[in-house]
Amino acid sequence: MALSTPAAALAAFLAMVQPPSGAPIATGVVAQPPPPAAPGTPLPDAAITPDDDSSTAVPIRNADQRMTVKVMVNGAGPFRFIVDSGATRTVVSRRLATLLGLPSAGTVTLHSVGGESKVESVKIEALSLSNLPAQTVVAPVLTEADLGALGILGIDVLANKRVVIDLRTNRMTVESAGHGRPAAEPGEIVVMARRRYGQLVLADADAVGTRIYAVIDTGSSVTLGNIVLRDRLVRRKRAQALPVDIIDVAGHVIQGHYAQIGDIRLGTTHIQESTIAFSDAHAFERFGLDKKPSMLVGMDLLRCFERVSIDFKNKTVSLVASSQTIG
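Residues numbered from 1 in each chain as written. Predicted model: local features only at pLDDT ≥ 70, side-chain atom pairs only at ≥ 80, totals over all residues. Heavy atoms only, no water.

## Brief notes about the overall build of the protein chain
- Along the backbone of the protein chain there are 7 helices and 24 strands.
- When burial is assessed residue by residue, the protein chain has 55% of its 327 residues classed as buried.
- Partitioning the contacts of the protein chain with sequence separation of at least 6, the portion at a separation of at least 24 is 67%.
- On the protein chain, roughly 13,300 Å² of surface is accessible, and the fraction owed to carbon and sulfur atoms is 53%. (Helix = DSSP H or I, 4+ residues; strand = E, 2+ residues; numbered from the N terminus. Buried < 20%, exposed > 50% of the residue type's maximum accessible area, 1.4 Å probe, protein only. Contact = heavy atoms within 4.5 Å. Areas by Shrake-Rupley, 256 points an atom, 1.4 Å probe, with all protein chains shown as cover.)

## Observations regarding the packing of aromatic side chains
- Here the structure, examined in full by the defined rule, presents 0 aromatic pairs.
- Here the guanidinium or amino end of Lys292 rests over the ring plane of Tyr213, the centre of that ring lying 5.1 Å away. (Phe/Tyr/Trp six-rings, centres within 6.5 Å; stacked < 30°, edge-to-face > 60°. Lys NZ or Arg CZ within 6 Å of the ring centre and 35° of its normal.)

## Regarding unusual backbone geometry
- Going from Gly77 to Pro78, the amide bond is cis rather than trans, its omega being 10°.
- Secondary-structure assignment places Pro78 in strand β5 (residues 76-83).
- Of note, Val208 is a non-glycine position whose phi angle comes to about 50°, a positive value.
- Turning to its location among the elements, Val208 is positioned in the loop between β15 (205-207) and β16 (210-211).
- Overall, Val208 belongs to the buried group, its relative accessible area being 19%.
- Residue Lys315 is not a glycine yet carries a positive backbone phi of 55°.
- Positionally, Lys315 belongs in the loop between β23 (305-311) and β24 (316-321).
- On the basis of relative accessibility, which here comes to 34%, the residue Lys315 falls in the partly exposed class.

## Overview of the side chain of Arg80
- Structurally, Arg80 is set in strand β5.
- A polar contact of 3.5 Å, which involves the side chain of Arg80, links it to the side chain of Thr68. (Polar contact = N/O pair within 3.5 Å; in protein donor to acceptor, adjacent residues only side chain to side chain.)

## Some remarks on the pattern of salt bridges
- Scanning all chains against the criterion turns up 9 salt bridges.
- Here Arg162 and Asp311 are joined by a salt bridge, their closest N and O atoms 2.9 Å apart. Linking Arg162 in strand β11 (residues 161-166) with Asp311 in strand β23, this pair joins segments that are 149 residues apart in sequence.
- For Arg162, a relative accessible area of 6% gives the class buried.
- As a salt-bridge pair, Arg230 and Asp231 come within 2.8 Å of each other at their nearest N and O atoms. (Salt bridge = Lys/Arg side-chain N within 4 Å of Asp/Glu carboxyl O.)

## Focus: helix α5 (residues 227-235)
- Those residues of α5 that sit buried are Leu229, Arg230 and Leu233. The buried residues of α5 all sit within an arc of 100° when viewed along its axis, so they share a single face.
- The inward-facing, buried residues of α5 abut β15, β16, β18 (224-225), β20 (253-266), β21 (269-279) and β22 (294-297).
- Backbone geometry just after α5 places Lys237 at a positive phi near 60°. (Arc of directions from axis to C-beta.)

## A word on the pairing of β21
- Summarising burial for β21: 8 of the 11 residues are buried, a large majority.
- Relative to β21, β18 is paired through 2 bridges, and the arrangement is parallel. Bridge pairing links Leu224 to Ala277 in β21.
- Here β20 hands over to β21 after 2 residues, with Gly267 in that stretch at a positive phi of 65°. (Pairing = 2+ DSSP bridges.)

None of the figures reported here should be taken as evidence of function without further support.
Right, dumping it as structure tokens:
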């Protein structure tokens, strides 16, 4: 099955990387988010949230390739947090931590795309998402401008859950994962994954015929390949890499490249003519993937599908291709 990257997503990526030389790609950083809602204040789109109290379906923000959900923090909120399947830990913005008076939990080590940092952390006694049980979380604190949101939900909260992104209805569901996965619907592709530091690494993927390890990263607006993959594609004349800088959620700036890739395969689905970034990102080393051709699959590629389901408990990623993008 062959897909094409949506033209709008490709144009948006090129708009970021082509103006003037050295302009940064905002990896994990997008448009300035709106001011946070005061505790107990409904968010602007609350009126279109499903009326069923048991539902975990929430609208996706159209202003950002990434997805946000409404969470309650110590009974206050709701506040918008990005769902990041590539992050091991939940993170909060300094503004939200100050607003709620969250107590300090000391200094912790944070691993991001650009490197390792020592950052402040706070303790959240009860972080809850819809009708799912509340969890106690120690969360690193970063600036809102770097996060692109009030916070990020990481795998420490998403573990043993299933994240379903329905791009047909522009909604997302976060639910408890059972012992088995739901029955596949017609046209659904199920790709088995391995677990590395909590992340799910797809076991069946390649880029222009080069076998790759692919991590589904819903916290990134753009797809990022490592240097090993870049060099193999360039050496085989399957890509022309041009320089660009990359900024991560911790504010690190790292040098990278971008290139147009003719074919990326996830399971039996082929995504054609995609523009992705490349860097010697710390995340690849952290996942043990720095010596192997690897890729962090961002929302730009995931939006080629009608639905993406990430089951952390059963270690599967299910993909339903969009009939409008089948080539």
